[in-house]
Amino acid sequence: MKKAFFAVGLVAALAFTSCKDNASDKVKGENVEMAATRDADATVFPSMEFEETAYDFGNIARGTAVEHVFKFKNTGKAPLVIVDATSTCGCTVPSYPKEPIQPGETGELLVKYNGSGLNAVTKVVTVKSNTEKGSETVKITAFVQPSEGPAATNG
């Protein structure tokens, strides 16, 4: 048993004394500068600022397709990349630019709604992007009235 402890102690002593090189001597100055630049850039984000974040279609007949364009501007200091845009329901379909929006430039988010549902309807579109917050939301509302014509009957 004493030999086992002695062997473990000897291996540990060799491990601690075999690394006599100073690790800081091996660091290249150019790599430190590149890391500093990278870290500084990591704090620069795009910013997505919408002209409006909500739109009301008013009264529409059931089944009437409508659409609205939400305009936005990249007010940040890095290119804005929209990764995805999703709705709370399949009846609302967003379309977004696939190419990066440069700082100071504008873009458009097209939201199409197929007029399903009845009465007061609210749909939220979530836009996922590389902004600091990670996502933005816009919403559409409408009052969907029954379509004209004979009432449907079960029978």
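Here the structure is shown first, and the text comes after it.
This report concerns the structure included in the present document. (Residues numbered from 1 in each chain as written. Predicted model: local features only at pLDDT ≥ 70, side-chain atom pairs only at ≥ 80, totals over all residues. Heavy atoms only, no water.)

**A few points about the side chain of Lys 123**
Counting through the fold element by element, Lys 123 comes out in strand β7 (residues 119-129). One buried charged residue, Lys 123, forms no salt bridge at all, with the nearest opposite charge on Asp 56 at 13 Å. The residues contacting Lys 123, other than those within four sequence positions of it, are Thr 88, Cys 89, Cys 91, Thr 92, Tyr 113, Val 138, Lys 139 and Ile 140. (Helix = DSSP H or I, 4+ residues; strand = E, 2+ residues; numbered from the N terminus. Buried < 20%, exposed > 50% of the residue type's maximum accessible area, 1.4 Å probe, protein only. Lys, Arg positive; Asp, Glu negative; His and termini not counted. Salt bridge = Lys/Arg side-chain N within 4 Å of Asp/Glu carboxyl O. Contact = heavy atoms within 4.5 Å.)

**Looking at the packing of aromatic side chains**
On inspection of all chains with the given rule, the structure shows two aromatic pairs. A cation over an aromatic ring shows up here: Lys 98 above the ring of Tyr 96, its NZ or CZ 3.6 Å from the ring centre. (Phe/Tyr/Trp six-rings, centres within 6.5 Å; stacked < 30°, edge-to-face > 60°. Lys NZ or Arg CZ within 6 Å of the ring centre and 35° of its normal.)

**What to know about the pairing of strand β3 (residues 66-74)**
Looking along a regular strand, one sees the side chains alternate between the two faces of the sheet. Burial along β3 is one-sided: the residues Val 66, His 68, Phe 70, Phe 72 and Asn 74 are buried and none of Glu 67, Val 69, Lys 71 and Lys 73 is. With three bridges connecting them, strand β1 (residues 48-50) and β3 associate as antiparallel partners. Among the inter-strand pairings, Phe 50 is bridged to a residue of β3, identified as Phe 72. (Pairing = 2+ DSSP bridges.)

**Quick word on the pattern of salt bridges**
Applying the stated criterion to the full structure yields one salt bridge. Of the charged contacts, one joins Lys 133 and Glu 136 as a salt bridge, the two residues approaching to 3.7 Å between their closest N and O atoms. Residue classification places Glu 136 among the buried positions, given a relative accessible area of 16%.

**Re the pairing of β7**
Here five bridges tie strand β4 (residues 82-87) to β7, and the two strands are oriented antiparallel to one another. What sits directly across from Thr 86, in β7, is Thr 126. The pairing of β7 with strand β8 (residues 135-145) spans ten bridges and is classified as antiparallel. Each residue of the ladder has a partner; that of Thr 122, found in β8, is Thr 141. Hairpin remark: β7 followed by β8, antiparallel, with five residues in the connecting loop; positive phi at Gly 134, about 95°.

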